[in-house]
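# Topology and contacts: notes
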Amino acid sequence: MALTGVALIALTLLATAAAIAATTLVWGRFGRWRPVSRSAGVLLCEALIVLSAGLIANRHEQFYPSWQALAGTGTTTTTAVQPPARLDSEFGPGTTTVLWRPPGSAAWRLASNAQVTVPRGYLGSHGSFPALVALGGKPAGGDLVRVTARPTSKTTAATLANLPALLGADLRVTGHGWALVSSSAFAPLAVRMVEADPGRFAALALVGGPPRGFRCPPGVAVAVARTASARGALPRGVTPLTGTWAAAAGWAVTRSPLPLAAPQVLPAGAA
Amino acid sequence: MRLDGTGPVLFAAAFVVLTAVLAAAAWDRSKHYARAGLAAAAALAVLVTSALELNRLTETYPTWSALAGDSADPDRGPDPGPEPGRGSAFRSHPAPPPARSEHNTPGQGGRIVELTVAGRASGMTMPAYVYLPAAYGAGRERFPVIEATHGYPGSPKAWLRRLNVLGYLNREIAAGRMAPTVVVFPYQTPTALLDTECTNLTGGPQAETYLTRDIPAAIKTHYRVRTDRAGWGLIGYSAGGFCSTNLLLRHPGEYAAAASLSGYAEAGIVIGDGSEKTGNNPAWRLRRLPRPPVGLYLAYAGDDRHARADSLLLARLATAPIAVTTAVVAHGGHSDAVWKAMEAPAFDWLSSWLARPAPS
């Protein structure tokens, strides 16, 4: 019999009516046990009335849709340990930077091979790391996975469109909260990369610039690092920084999420 | 004795037995009016017991004074007055020593402190509870913030007493699955049984303004927290799940991500300006308006039909650039057990979306 079904409610109401009738019928009986029989009858009636009200309310609001629901969730969280990624084995205590030449990387039209650097703690971790992509420079990536690339005039946001997915296949990186740091020479490319992949990058830091007509992409924190003597107003919403690559990358890292241990997860819902 | 504890329920239950025994014993010797009195007393005892137990389960009136209609929370003890040198409209209540507060365990993890937020923008003045992670006292960093909304009927005390949020936060942060984060538990209505769904009710409480302007302003004034959008997120269960989804979609410039636990796609109330069908309707927003680049976590129990259908609808409509993660527990309906099972995964997920604690 279903917990929220009419049958159970009807049965409970019937039992309530029966209890009231029985209590009334025996009200004058049982002699010296009368106080006990009466009290028990009254309490039974009251309990059944409250139970009926509770069942009706539960049917209406569906707090506990089934008997099973009363027993808890039947689900335990699991730790989403990330399996080692393709390139994990290439890193070791003395090797934190390797050349990165995934299949298809020739189409990126870079001046030289890209490099990936993993932070201290990457090898001992089973979690995912946000990534910092640097165009035209090699700033320290803090505790993020760092990709450095030297674009050419033939490199576009379109040729680099598969870079995040390829990085995801080769290293344990998150899908969001990334940082992009670029020299002013590649600023238009950097801006288009951020705009072409909304939700991927949390921060964009430009060393010099910004490009003419620049507007902050929605949801992305933007900073421009310039020399102390630099003049000229920055576009609205842009954070001014004094310095070059270190200032830009340092700022971008503080805008990214902390690399975390493998999270507790529940099964995903139906698509 | 705490209004929302088991004490008053047991006390009232004793009256249920007492009135039943009294009626049984005194019935034959009583006149008609006295019998009516005995019956009424018995009925009243049952009603009061049921009401107290319901209140214990939902934390609708967490304190005696909340029941009396006083919106300020007496739990915090005598009001120490405005903090010297602040000159702001907010009154802060520095954390009591751990042993003095029911929520805090000495020497373990973070602690809960209380803050009365006098909302300048909304006109709402309510207490709020604030979780400060263990790292808060030691460091000089500015922490990310999560605003946690409660269900209806309910109060922020439900997070603390029914859902054991302090324990979950301490555990997830200590395990490194969550960054040290400040978590705020505000009230979302000045009147316990008025369901605002965190919106600005026409001619009523301006809950949305309170939650999205006054609370952030107070937290940014009083605590070392991040002031940028990247560092702010939302979480809520049941009606609070609707709140977190709706507030995220309405204020993507203030919040980066939200987690909805058994939440809904519609307000289910009349707001007064018809906006429950439009601007305050996440499904309508997702269909008609540009979607913001935010993270959205939608969790539900498989047997919670309404929340399941609404979560799946939202997941289908919230396409790129919104990044949706869904999470399901097999069963458990619309209950505390379900939300407890969801807490750790939801907080871990939120933390992965929020900017880290940063040097001040």
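None of these values were measured; they are calculated from a predicted model.

### What to know about the overall build of chain A
The number of helices and strands found in chain A is six helices and ten strands. Relative to the compact-globule value of 18 Å for 271 residues, chain A shows a C-alpha radius of gyration of 33 Å, a clear excess of over 25%. Principal-axis analysis of the C-alpha atoms gives chain A an extent of 105 × 45 × 30 Å. In chain A, which comprises 271 residues, the proportion classed as buried is 38%. Partitioning the intrachain contacts of chain A with sequence separation of at least 6 by distance along the chain shows that 62% fall at a separation of at least 24.

### Let's talk about the overall build of chain B
Each helix and strand counted, chain B has eleven helices and eleven strands in total. Per-residue burial for chain B yields a buried fraction of 55% across its 360 residues. A sequence separation of at least 24 residues applies to 71% of the contacts in chain B between residues at least 6 apart.

### Describing the packing of helix α1 (residues 6–26) of chain B against helix α2 (residues 32–58) of chain B
Residue and element names in this part refer to chain B. Two elements in contact, α1 and α2, have axes whose closest approach is 8 Å; the angle formed by their N-to-C orientations is 165°. Looking at the two axes, α1 sits roughly antiparallel to α2. Every pair of crossing elements has a handedness; the one defined by α1 and α2 is left-handed. Here Thr6, Pro8, Val9, Ala12, Ala13, Phe15, Val16, Thr19, Ala20, Leu22, Ala23 and Ala26 of α1 come into contact with α2, specifically with Leu38, Ala39, Ala41, Ala42, Ala45, Val46, Val48, Thr49, Leu52, Glu53 and Arg56.

### Focus on the nonpolar core
Counting residues in each nonpolar core, the largest one holds 144 residues, and the members touching the most others are Leu132(A), Ala179(A), Ala190(A), Ala205(A) and Leu350(B). Examining the composition of this core, we find that eleven residues originate from one element, helix α11 (residues 336–353) of chain B, more than from any other. With sequence-adjacent residues up to four places away left out, Ala190(A) is seen in contact with Leu135(A), Leu180(A), Ser182(A), Leu204(A) and Leu206(A). Counting residues in hydrophobic clusters, the runner-up holds eleven residues, among them Cys45(A), Ala20(B), Ala42(B) and Ala45(B).

### Thoughts on the environment of Ala42(B)
Relative to the elements of secondary structure, Ala42(B) occurs in helix α2. On a C-alpha basis, the gap between Ala42(B) and Ala20(B) in space is 6.1 Å, while along the polypeptide they are 22 residues apart. In this view, Ala42(B) contacts Val42(A), Thr19(B), Ala20(B) and Ala23(B); residues no more than four positions away in its chain are not counted.

### Re the sheet that holds strand β7 (residues 201–207) of chain A
All names here are of chain A. Taken together, the eight strands give an open sheet; going across it, the order is β2-β3-β5-β4-β6-β7-β8-β9, and neighbouring strands pair in mixed fashion. In this open sheet, the two edge strands, each paired with only one partner strand, are β2 (97–100) and β9 (238–242). Within the sheet, the average angular offset between the axes of one strand and its neighbour, ignoring direction, is 20°. Of the pairings in the sheet, the one linking strand β6 (residues 178–183) to β7 comprises six bridges and is parallel in character. Across the sheet, the residue bridging to Ala179 is Ala203, located in β7.

### Quick word on the pairing of strand β5 (residues 145–149) of chain B
Residue and element names in this part refer to chain B. Of all five residues in β5, five are buried; the element is thus mostly enclosed. Across the two faces of β5 the burial is the same, with Val145, Glu147 and Thr149 and Ile146 and Ala148 all buried. Bridge analysis of β5 against strand β6 (residues 182–186) gives three bridges, and the strand direction is parallel. Within the sheet, the bridge partner assigned to Ile146 lies in β6 and is Val183. Relative to strand β7 (residues 232–237), β5 runs parallel, the two sharing five bridges. Along β7, the bridge assignment pairs Ala148 with Ile235.

### Things to note about the interface of chain A and chain B
Listed as interface residues are 43 residues of chain A and, on the opposing side, 59 residues of chain B. For the side of chain A that touches chain B, the elements supplying multiple residues, two or more each, are α2 (34–61), α3 (67–70) and β10 (264–265) of chain A. Considering every element that reaches the side of chain A that touches chain B, the biggest residue donor is α2(A), with seven residues. Taken together, the residues that form the side of chain A that touches chain B break down as 22 nonpolar, 18 polar and three charged.

### Overview of the domain arrangement of chain A
Assigned domains of chain A: these are domain 1 (6–70) and domain 2 (88–261). Here the C-alpha centre of domain 2 of chain A lies 68 Å away from the C-alpha centre of domain 1 of chain A.

### Some points on unusual backbone geometry
With an omega of -10°, the peptide bond between Tyr152(B) and Pro153(B) qualifies as cis. Mapped onto the secondary structure, Pro153(B) falls in the loop between β5 and α5 (157–162). For the peptide bond that leads from Ala320(B) to Pro321(B), omega is 10°, which places it in the cis range. Along the chain, Pro321(B) turns up in the loop between α10 (305–317) and β10 (323–329). Positive phi, normally seen in glycine, also occurs at Arg109(A), with a value near 60°. Here Arg109(A) shows up in the loop between β2 and β3 (114–117). Residue Cys198(B) is not a glycine yet carries a positive backbone phi of 60°. One can find Cys198(B) in the loop between β6 and α7 (207–222).

### Quick word on α10(B)
All names here are of chain B. Here α10 spans 18 Å end to end across 13 residues, near enough to the 18 Å set by a 1.5 Å rise per residue. Taken as a whole, α10 has its buried residues at Ala307, Asp310, Ser311, Leu314 and Ala315. All buried residues of α10 project into a common sector of 135° when viewed along the axis, lining one side. Buried positions along α10 lie against α8 (239–250), α9 (282–288), β9 (295–301) and β10.

### Some details on the packing of α2(A) against α1(B)
At a minimum axis separation of 8 Å, α2(A) and α1(B) run at an interaxial angle of 135°. When the axis of α2(A) is compared with that of α1(B), the two are oblique. In the packing of α2(A) onto α1(B), the handedness of the crossing is right-handed. Between α2(A) and α1(B), the residues in contact are Pro35(A), Arg38(A), Ser39(A), Val42(A), Leu43(A) and Glu46(A) and Val16(B), Val17(B), Ala20(B), Val21(B), Ala23(B), Ala24(B) and Ala25(B), respectively.

### Focus on the pairing of β10(B)
Residue and element names in this part refer to chain B. Where β9 and β10 come together, seven bridges link them in parallel fashion. Residue Leu298 lies in a different strand from β10, and its bridge partner there is Thr326. With respect to chirality, the unit in which β9 leads through α10 into the neighbouring parallel β10 is right-handed.

### Examining α2(A)
Compared with the 40 Å implied by 1.5 Å per residue over 28 residues, the 40 Å span of α2(A) between its first and last C-alpha is a close match. Looking one or two residues past α2(A), Gln62(A) carries a phi angle of roughly 60°, positive in sign.

### Quick word on the confidence of the model for chain B
Residue-level pLDDT values for chain B average 89, and 89% of them are 70 or greater. Prediction confidence for the complex, expressed as pTM and ipTM, is 0.92 and 0.93 respectively.

Criteria and thresholds
- Residues numbered from 1 in each chain as written.
- Chains lettered and ligands numbered in written order.
- Predicted model: local features only at pLDDT ≥ 70, side-chain atom pairs only at ≥ 80, totals over all residues.
- Helix = DSSP H or I, 4+ residues; strand = E, 2+ residues; numbered from the N terminus.
- Rg over C-alpha atoms; globule rule 2.2 N^0.38 Å.
- Buried ≥ 20, exposed ≤ 12 C-beta atoms within 10 Å, placed from the backbone.
- Contact = placed C-beta atoms within 7 Å.
- Axes fitted to C-alpha atoms, helices over the stretch in contact; angles between N-to-C directions.
- Parallel < 35°, antiparallel > 145°, perpendicular 65-115°, else oblique.
- Left-handed = near helix turned anticlockwise from the far one by under 90°.
- Core = buried A, V, L, I, M, F, W, Y, C linked by C-beta atoms within 7 Å.
- Pairing = 2+ DSSP bridges.
- Nonpolar A, V, L, I, M, F, W, Y, C, P; charged D, E, K, R; others polar.
- Domains from an automatic or database assignment.
- Expected span 1.5 Å × (residues − 1).
- Arc of directions from axis to C-beta.
- Right-handed = clockwise from strand over helix to strand, strands pointing away.
- pLDDT = per-residue confidence, 0-100.

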